[in-house]
Every structure is written in structure tokens, then in C-alpha cells.
Amino acid sequence: MNTLEPTLNDPTAPNSELRRGAMAALPMLLGFIPFALVLGAQASHHQLNAAEVALMTGLNFGGGSEFAAIELWTSPPAILVIVAMTLLVNSRHLLMGATLAPYLRHLPLKQALGAVFFMCDESWAMGLADARRRNGFSLRYYMGVSLCLWATWVTFTTLGALVGPLLGDLRSYGFDMAFAAVFLVLLKGMWKGVHAALPWLFSLVTAALFHLLIPGGWYVLAGTVAGLVSAYLWAKP
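Residues numbered from 1 in each chain as written. Predicted model: local features only at pLDDT ≥ 70, side-chain atom pairs only at ≥ 80, totals over all residues. Heavy atoms only, no water.

J.: Can you help me understand the overall build of the chain in this one?
T.: A count of helices and strands for the chain gives 11 helices and 0 strands. Put simply, the chain runs from its N terminus to its C terminus through helices and strands in the order α-α-α-α-α-α-α-α-α-α-α. For the chain, the residues scored as buried account for 45% of the 237 residues in total. Considering only contacts within the chain whose residues lie at least 6 apart along the sequence, 80% involve residues at least 24 apart. (Helix = DSSP H or I, 4+ residues; strand = E, 2+ residues; numbered from the N terminus. Buried < 20%, exposed > 50% of the residue type's maximum accessible area, 1.4 Å probe, protein only. Contact = heavy atoms within 4.5 Å.)

J.: Explain the UniProt feature "transmembrane region" (unreviewed entry) in the chain here, please?
T.: When the UniProt feature table is mapped onto this chain, "transmembrane region" (unreviewed entry) is found at residues 20-41, 141-164, 170-187 and 194-212. Secondary structure within residues 20-41 divides into 100% helix and 0% strand; the distance between the first and last C-alpha atoms comes to 32 Å. End C-alpha atoms of residues 141-164 are separated by 34 Å, and the span's content is 100% helix alongside 0% strand. (UniProt positions renumbered as here; feature names shortened; annotations may be inferred.)

J.: Any chance you could explain the pattern of salt bridges here in plain terms?
T.: A pair can form between side chains of opposite charge whenever their charged atoms are brought close. All told, the structure shown has 5 salt bridges when counted by the stated rule. Two residues, Arg134 and Glu17, come together in a salt bridge whose shortest N-O distance is 3.9 Å. Of the two residues, Arg134 is situated in helix H7 (residues 121-134) and Glu17 in helix H1 (residues 16-45); the sequence distance between them amounts to 117 residues. You can call Arg134 partly exposed: its relative accessible area is 48%. The shortest N-O distance in the salt bridge between Asp130 and Arg20 comes to 2.9 Å. One end of the pair, Asp130, is in helix H7; the other, Arg20, is in helix H1, and 110 residues separate them in sequence. You can call Asp130 buried: its relative accessible area is 1%. A single network of salt bridges, built from pairs that share partners, joins Glu17, Arg20, Asp130, Arg133 and Arg134. (Salt bridge = Lys/Arg side-chain N within 4 Å of Asp/Glu carboxyl O.)

J.: What is the right way to read the packing of aromatic side chains from this model?
T.: Here the distance between the centres and the angle between the planes together describe a pair of aromatic rings. Counted by the stated rule, this structure contains 8 aromatic pairs. With 6.4 Å between their ring centres and 70 degrees between their planes, Phe32 and Phe61 make a pair best called edge-to-face. Placement of Phe32 in helix H1 and of Phe61 in the loop between helix H2 (50-59) and helix H3 (63-72) is noted, with a sequence separation of 29 residues between them. For the pair shown, Phe32 and Phe61 are each scored as buried. Where Phe35 meets Phe67, the ring centres are 4.7 Å apart and the plane angle is 40 degrees; that geometry is what we call tilted. A residue pair is termed long-range when its members are at least 10 positions apart, and Phe35 in helix H1 and Phe67 in helix H3 qualify at 32 residues. Assessed through its relative accessible area of 9%, Phe35 is described here as buried. By relative accessible area, Phe67 is classed as buried at 14%. Aromatic rings pair up to connect Phe32, Phe35, Phe61, Phe67 and Trp153 into one cluster. (Phe/Tyr/Trp six-rings, centres within 6.5 Å; stacked < 30°, edge-to-face > 60°.)

J.: Looking at this structure, I do not really get the confidence of the model for the chain. What am I missing?
T.: Do not read the predicted coordinates in detail wherever pLDDT is low. Mean pLDDT for the chain: 79, with 77% of residues reaching 70 or above. Mean pLDDT values for the elements of the chain range from 56 in helix H9 (residues 177-189) up to 93 in H2. Of the regions scoring below 50 in pLDDT, residues 1-12 engages in 30 contacts with residues more than four places distant in sequence or in other chains. (pLDDT = per-residue confidence, 0-100.)

J.: Got a minute to help me understand H3 in this structure?
T.: One turn of an α-helix holds 3.6 residues; hence residues three or four places apart share an orientation. With respect to burial, H3 is a largely interior element, 7 of its 10 residues being buried. Along H3, the residues classified as buried are Gly63, Ser65, Glu66, Phe67, Ala68, Ala69 and Ile70.

Below, the structure is given as C-alpha cells:
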């Protein structure tokens, strides 16, 4: 039987679920740390100090949108353009949040919003993959993953802002490839066969074409829509 009840509401749920989530997140940190350092270093090159970087990454837990914001940062900053691009790049979180909604619907609103606030691509994928393996969703496990990744992201983006002026462009060391490696690992963990992967492939091809042909972050929205449409068309009865 597939249970959707969140274990956070169960007073007997052991804190070991939080530790299990934190331990499961450790391999992801190998990709998070170098990518966070790159973001912090780039932010420092755009005259953002460490406190400003910590505030940005702590409130907006989305690496893609933060890189987009840094690339668009000017003096004075074009606030409306940055906000619009951030919303566009983060639009995928609407779909991710919708898939988590059945697991969070029994929670009080404040707890549900807290769980969604700490959601990122990795914690979302790991939480759902764990639910599939264990035939039930563990919110404590999910929060253990999410909090570990969030704390690491904020810490090392801030550190990157501090050391960035000393080390120069960290991308020259190949650190920016770590994030791609993390997503490949996540894809392997969510693999369910060729049929289920077709929407992913169609989304990837569409996003790549938009990225090559249309400037800006429209490829994110295009890839999202393409994935939704193809998933509907290929869905089994």
C-alpha cells in the first residue's frame, strides 16, 4: 500500500530519518561545493559582498536563477529584468512543487511552505526516489536532505565570495562541470526505462534548440512545456 502521510506529523518517527537524509545528501555535496564556490566568486567579481551573496542564496535556493541574476547584474542593477529572469528560470519549481503536493497536503500550511522553501532539484528528486523505493514518503528524510544541501549551498557561496578575488575565475579549474555530473547521477537514480525517458529527451532537445537560437532564459520555459506535452502524449493509460 502506498502511503502519502508525512512522517513529520508522527510523534514516534525517529530522528534517524533526518540523519538518513543528511547522510544520503553527502555525495551530492561533491557537486554542490565547487559549484557554490564558482557562484560566490562570480558574484564577488560583480561587486557583491559576502553578506549580500549569503542573503541571495539563502532566500532564493536555486542555482540556475542565481547564476542568471549574477550575469545580468549591473551598476545600478536592472531589477525588473533580474526578477523576470529569476521567475522564468525558477518556473520549473511550480511543477516540482505540484508533484510534492500530495505528500504535503496533510501538513499545516506553515510546515508545508517550509518544506517547499527548502526544495531544490536534488532534494526533490531524492525525496521522490526514496518514496518510490520505500513505498511511502518520509518528510523527515526529505528535510534531512534539503537542510543539508541548503546549509552547504549558503556556506560555500559565501566562502566563494570571500576567496573569489584571490583565486580569480574558478571556472578555469573546471568546477562548473560538477553540477552537470550531479544531474547525471540524479537521472540515473530516477531511470524507469526508455518509455519514461522520452519526455526528458524531448525536453532536453527543445531546451537546447532554444538556448542556441533564442537569447535569454526562454529555453527553461520551452524545455518545461515540451516535457509536459510529451509526457502527456506518451503517458500510459
